Amino acid sequence: MTTRAQEPPYEPYEPYEPSEPSEPSEPSEPSEPSEEPWNGPEGYATHDVTNQPPPVAPYDASDDTALLEGVRREGAGWAEDGLRRLGRRAGSVEAQEWGDLANRHEPVLRTHDRYGNRIDEVEYHPSWHHLMRVAVGEGLAGAPWADGRAGAHVARTAGGLVWGHTEAGHGCPTSMTYAAVPALRAQPELAKVYEPLLTSREYEPGLRTPADKRGLLAGMGMTEKQGGSDVRTNTTTATATAEPGVYTLRGHKWFTSAPMCDVFLVLAQAPGGLSCFLMPRVLPDGTRNTFRIQRLKDKLGNRSNASSEPEFDGTVAWLVGPEGQGVKTIIEMVNCTRLDCVMSSATLMRKTLVEAGHHVRHRSAFGARLVDQPLMRNVLADLALESEAATTLTLRLAGAADRAVRGDTGEAAFRRIATAVGKYWVTKRGPAFTAEALECLGGNGYVEESGMPRHYREAPLLSIWEGSGNVNALDVLRALGRSPASAHALFGELALARGADARLDAAAARLESGLTEASETGARRLVELMALTLQASLLVRHAPPAVADAFCATRLGGDWGHSFGTLPDTADLDGILARALPGEG
């Protein structure tokens, strides 16, 4: 079968480089004023535009004290200069426009070319490619696995917390590419071929023979329509060929995001049970592998990123790990992508807090700036507490991951349980947080041009992707039952803050006693207490008293309402806001 030339859907482009400011031109002679004032196209003036905030961009997305302190604390202080440079780029007018355009001009599926040949390609707007080029070039995909420095994985997570201010959808393929590397290492001969390309900082879109490209992206295909998260019910079959380690797949997948990735890790039923396979879109001989995209999902959010339903029929794939060990093989991938869910939720919180803070500084109502009104300050301070707790926990999890891959067994045990705890809780807080931040802008926040509706639609995805709330809560119970070292590591972490705050000590005691009565029915309640206690312990140890005291008083001490903006009168709002919103002090 003939296919069209394997060219990217858009012309190649050069990466963005900020230009030097031009010399100011000589002022021109003023023209004579018109005798008649301009009153609009209808001949009369209706209003002047006043009391509207200026655009938030350009701004520095890395200007976040909690973020920078966490990066240093978790061993990636060497990356700070690059992080600040990336922060300025993320907050630039151009990068913010890329995010907007990539979501306004959604991916388009092309199943056939003009001659009727099956091609199964997805075309993206050039802005998507600009975002991807920067993300991959800055090491936000697989690069940390090739970086021998301690803190490389922390630096990557921090980069995601900053570059994510542009838009969330393109974080999906970079996340999956990052996560594919440790899973692929279960088959060393495949890792030898593909890992150097997955860890490359070169973004090269378009379907071509993998070995002929300078860098690759990886996706994954696990869920099927009949089972969802229950992957053991998968019906896709894998049949061995005469060539050792090579199989053909037949079946379907229900959610396969970023279908224009070069390779995919997929689960299928082999003779020995559910197994993991590496499936390239283009085979080593240059021919297209069978990967029929039936349709793209019409999703609530994440609109810039295509999610597809592919069909396999005689699709060639290579076994990764032993037959029957598919879940065990791919679990390392899931650990990484769950961390990225926490990271992305924390990023959305910070981004929407920045937008809300900017608006209320420049908007007045009832005779005063919004930011100076006590109730608005309470709302912002409450959001700031939630954001700092999420960012601090994200970086602690990244630090655990970094040390775990370097052989620290204690950190590996902590990572096992704390990542699932963080995935459950931080992603649950995201939708309520973004809704409150949107409300700070009033009606202005409800229109698409503000960008806030896009963030609001994005937030629920992160609690669904890589296991919904129930899946992660039950995974925590599983870790407690199967890995006593994980519970020991968690309480060891909490013990580091023992005696610093009576409310934290009481919560840790409740948590310890609650483990003896853990049940599936109460799993969410237990995991919520774990998350809040863990966040509080980190803030007590690392944040200023204004932040730690208010967090413990509200999240652990019960001196709080049922919505944001209900901090007690004793909370140091000025201290919290001065830390969270640079320039506020």
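You'll find the structure just up there.
Rules and cut-offs
Residues numbered from 1 in each chain as written. Predicted model: local features only at pLDDT ≥ 70, side-chain atom pairs only at ≥ 80, totals over all residues. Heavy atoms only, no water. Helix = DSSP H or I, 4+ residues; strand = E, 2+ residues; numbered from the N terminus. Contact = heavy atoms within 4.5 Å. 1 Å grid on protein atoms, 1.4 Å probe; cavity = no way out; pocket = protein on both sides within 12 Å on 5 of 7 lines; lining within 4 Å. Points joined across faces, edges and corners; volume = space filled by probe spheres on them. Nonpolar A, V, L, I, M, F, W, Y, C, P; charged D, E, K, R; others polar. Buried < 20%, exposed > 50% of the residue type's maximum accessible area, 1.4 Å probe, protein only. Phe/Tyr/Trp six-rings, centres within 6.5 Å; stacked < 30°, edge-to-face > 60°. Lys NZ or Arg CZ within 6 Å of the ring centre and 35° of its normal. Axes fitted to C-alpha atoms, helices over the stretch in contact; angles between N-to-C directions. Parallel < 35°, antiparallel > 145°, perpendicular 65-115°, else oblique. Left-handed = near helix turned anticlockwise from the far one by under 90°. Core = buried A, V, L, I, M, F, W, Y, C linked by side-chain atoms within 4.5 Å. Pairing = 2+ DSSP bridges.

**Q** Which residues make up the environment of Ser 486, and what are the values?
**A** Looking at the element boundaries, Ser 486 is found in helix α14 (residues 484-495). Expressed as a C-alpha distance, the spacing of Ser 486 and Glu 204, which sit 282 residues apart in the sequence, is 40 Å. In this structure Ser 486 touches Ala 413, Arg 416, Ile 417 and Ala 479, once residues within four positions along its chain are discounted.

**Q** Could you give an account of empty space enclosed by the protein, with specific residues and numbers?
**A** Inspection of every chain in the model, using the stated rule, returns 4 cavities of 30 Å³ or more. A volume near 70 Å³ is recorded for the second largest cavity. Broken down by element, the residue count for the lining of the second largest cavity peaks at 4 residues, all from helix α9 (residues 374-405). The class makeup of the residues in the lining of the second largest cavity is 4 nonpolar, 2 polar and 4 charged.

**Q** Describe the side chain of Lys 297, and please don't skip the residues or the numbers.
**A** Assignment of secondary structure puts Lys 297 in the loop between β9 (292-296) and β10 (307-320). You can call Lys 297 buried: its relative accessible area is 15%. Setting aside anything within four residues of it in sequence, one finds Lys 297 in contact with Trp 254, Phe 255, Ser 307 and Glu 309.

**Q** How would you sum up helix α2 (residues 80-90)? Please name residues and give values.
**A** Taken together, the buried positions of α2 are occupied by Glu 80, Leu 83, Leu 86, Gly 87, Arg 89 and Ala 90. Where α2 is buried, its residues meet α1 (65-73), α3 (93-104), α4 (126-137) and α5 (152-163).

**Q** Could you give me a rundown of the layout of surface pockets, with the residues and numbers involved?
**A** By volume, the second largest pocket is sized at about 850 Å³. Glu 355, Glu 448, Glu 449, Ser 450 and Gly 451 are the residues nearest the centre of the second largest pocket, which is lined by 30 residues in total. At the level of elements, α3, α8 (326-362) and α11 (452-458) are the ones that each hand at least two residues to the lining of the second largest pocket. Looking at the lining of the second largest pocket element by element, the count peaks at 6 residues for α3. A breakdown of the residues in the lining of the second largest pocket according to their chemical character gives 9 nonpolar, 9 polar and 12 charged.

**Q** Quick rundown of the environment of Ala 90? Include the residues and the values.
**A** Considering the arrangement of structural elements, one finds Ala 90 in helix α2. For the pair formed by Ala 90 and Asp 60, sequence separation is 30 residues and the distance between their alpha carbons is 7.3 Å.

**Q** Can you tell me about the packing of aromatic side chains, naming the residues and giving the values?
**A** Under the defined criterion, the tally for this structure stands at 7 aromatic pairs. Judged by centre distance (5.2 Å) and plane angle (25°), the ring pair of Phe 264 and Phe 291 falls under stacked. Of this pair, Phe 264 sits in strand β7 (residues 263-270) while Phe 291 sits in the loop between β8 (273-280) and β9, placing them 27 residues apart in sequence. An aromatic cluster is built from Phe 264, Phe 291 and Phe 312, whose rings are joined through pairwise contacts. A cation over a ring is seen here: Lys 297 above Trp 254, with NZ or CZ 3.3 Å from the ring centre. Between the NZ or CZ atom of Lys 297 and the centre of the ring of Phe 255, over which it lies, the distance is 4.5 Å.

**Q** Describe the packing of helix α6 (residues 171-184) against helix α7 (residues 188-198), and please don't skip the residues or the numbers.
**A** Direction vectors running N to C along α6 and α7 enclose 160°, while the axes themselves pass 10 Å from each other. As the angle between them shows, α6 and α7 are arranged roughly antiparallel. As for the relative orientation of α6 and α7, their crossing is left-handed in sense. Residue-level contacts link Thr 177, Val 181 and Leu 184 of α6 to Leu 190, Ala 191, Tyr 194, Glu 195 and Leu 198 of α7. Residue composition of the contact of α6 with α7, by class: 6 nonpolar, 1 polar and 1 charged.

**Q** So what's going on with the nonpolar core? Which residues, and what values?
**A** With 107 residues, the main nonpolar core has Trp 163, Leu 380, Cys 440 and Met 530 as its most contacted residues. Counting residues per element, this core draws most heavily on α9, which supplies 15 residues. Other than its neighbours up to four places away in sequence, Met 530 contacts Ile 417, Val 421, Val 476, Leu 480, Leu 490, Leu 511 and Leu 515. Core analysis: the next-biggest nonpolar cluster, separate from the first, contains 62 residues, Val 122, Trp 128, Ala 238 and Val 246 among them.

**Q** Explain unusual backbone geometry to me, and be specific about the residues and the numbers.
**A** Residue Pro 58 is reached from Ala 57 by a cis peptide bond, and omega for that bond is 5°. As for its placement among the helices and strands, Pro 58 is situated in the segment before α1. For Asn 302, which is not a glycine, the phi torsion comes out positive at approximately 60°. Mapping Asn 302 onto the fold places it in the loop between β9 and β10. Residue classification places Asn 302 among the buried residues on the basis of a relative accessible area of 8%.

**Q** Any chance you could break down the pairing of β8 for me, citing the residues and the numbers?
**A** With 7 of its 8 residues buried, β8 lies for the most part within the structure. Where β7 and β8 come together, 8 bridges link them in antiparallel fashion. If you follow Ala 270 over to β8, its bridge partner there is Gly 273. With antiparallel pairing between neighbouring strands as the criterion, β7 and β8 make up a hairpin whose turn holds 2 residues.

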